[in-house]
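Summary of structural features
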Amino acid sequence: MAARVGLTVERLTRAAAELADEVGFEQVTVSALARRFDVKVASLYSHLKNSHDLKTRIALLALEELADRAADALAGRAGKDALAAFANVYRDYAREHPGRYAAAQFRLDPETAAASAGGRHAQMTRAILRGYDLTEPDQTHAVRLLGSVFHGYVSLEMGGGFSHSAPDSQETWSRIVDALDALLRNWPTPPALPTPRSTG
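An account of the accompanying structure is given in this report. (Residues numbered from 1 in each chain as written. Predicted model: local features only at pLDDT ≥ 70, side-chain atom pairs only at ≥ 80, totals over all residues. Heavy atoms only, no water.)

Of regular secondary structure, the protein possesses 10 helices and zero strands. When the helices and strands of the protein are placed in sequence order, the string is α-α-α-α-α-α-α-α-α-α. Computed over C-alpha atoms, the radius of gyration of the protein comes to 21 Å, more than 25% over the 16 Å expected from 2.2 N^0.38 for 200 residues, which places it beyond the range of a compact globule. Reported as C-alpha extents along the three principal axes, the dimensions of the protein are approximately 80 × 50 × 35 Å. Buried residues in the protein amount to 38% of all 200 residues. Restricting the contact set of the protein to residue pairs at least 6 apart, pairs at least 24 apart contribute 69%. Element-wise, carbon and sulfur atoms account for 53% of the exposed surface of the protein, whose accessible area totals about 11600 Å². (Helix = DSSP H or I, 4+ residues; strand = E, 2+ residues; numbered from the N terminus. Rg over C-alpha atoms; globule rule 2.2 N^0.38 Å. Buried < 20%, exposed > 50% of the residue type's maximum accessible area, 1.4 Å probe, protein only. Contact = heavy atoms within 4.5 Å. Areas by Shrake-Rupley, 256 points an atom, 1.4 Å probe, with all protein chains shown as cover.)

Take a look at the structure:
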């Protein structure tokens, strides 16, 4: 049956990603995918190990798509323009593909994560931060800050958290990007360590 309908791992992964966008990433299983193709579940196990394997493949696809979008958006941009473009890629992708966006947050084992497009995301974030003259360890602190703000805001927004009050969510998003830009340009210096008191 699988051969007759031309199923491949790539085709199954893309169909599962579409399913995730429709019903939610957590609801994606090999059984649900089999129903989508009107085939027996057993016929998919020649391509997929289990539902965890399927979700991992969706996550890898989402990370790749996001990285490609971000790279295109960042081309020729620097400073605040780059920061805003990068932030908008995540927010727009989440709105267009909520299931895939959730998949991009899926916990991968270290080996799979190392081979994924996740590293490209980190490299692009650091490239933006180099435009703000941040060095280590502040650069890593800033990477974590940006990830927390972008993903946190998008998650709350998609959950309807900002839809019942003024101002408009888009206005807040723009102000957040402004605030992040100001913060990155004026990154606080770490407090000086206290001088050891002389015991003499």
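In the segment running from Glu136 into Pro137, the intervening peptide bond is cis, with an omega of 0°. With respect to the helices and strands, the residue Pro137 is situated in the loop between α8 (118-130) and α9 (138-158). The omega torsion of the bond from Ala166 to Pro167 falls at -5°, within 30 degrees of zero and hence cis. By the element assignment, Pro167 lies in the loop between α9 and α10 (169-185). Of note, the phi angle at Asp133 is positive, near 60°, even though the residue is not glycine. Mapped onto the elements, Asp133 comes out in the loop between α8 and α9. The class of Asp133 is exposed, set by a relative accessible area of 68%.

A few words on the nonpolar core. Core analysis: the largest hydrophobic core is formed by 57 residues, its most contacted members being Leu33, Leu83 and Leu184. Of all the secondary-structure elements, those providing two or more residues to this core are α1 (9-23), α2 (30-37), α4 (51-74), α5 (79-96), α6 (98-103), α8, α9 and α10. Per element, the largest residue contribution to this core is 11 residues, and it comes from α4. Other than its neighbours up to four places away in sequence, Leu83 contacts Ile128, Tyr132, Leu146, Phe150, Val177, Leu180, Asp181 and Leu184. (Core = buried A, V, L, I, M, F, W, Y, C linked by side-chain atoms within 4.5 Å.)

On to the environment of Asn50, then. Position of Asn50 relative to the elements: it lies in the loop between α3 (41-44) and α4. For the pair Asn50 and Thr29, spaced 21 residues apart in sequence, the C-alpha separation works out to 8.1 Å. Within the local environment of Asn50, its side chain forms a polar contact with the backbone nitrogen of His52, the two atoms lying 3.1 Å apart. (Polar contact = N/O pair within 3.5 Å; in protein donor to acceptor, adjacent residues only side chain to side chain.)

The geometry of α9 relative to α10 is characterised by a closest axis approach of 12 Å and an angle of 175° between their N-to-C directions. Relative to α10, α9 is oriented roughly antiparallel. Here α9 contributes Ala142, Leu145, Leu146, Val149, Phe150, Tyr153, Val154 and Glu157 to the contact with α10, which in turn contributes Ser169, Thr172, Trp173, Ile176, Leu180, Leu183 and Leu184. Here the residues of the contact of α9 with α10 are counted per class, giving 12 nonpolar, two polar and one charged. (Axes fitted to C-alpha atoms, helices over the stretch in contact; angles between N-to-C directions. Parallel < 35°, antiparallel > 145°, perpendicular 65-115°, else oblique. Nonpolar A, V, L, I, M, F, W, Y, C, P; charged D, E, K, R; others polar.)

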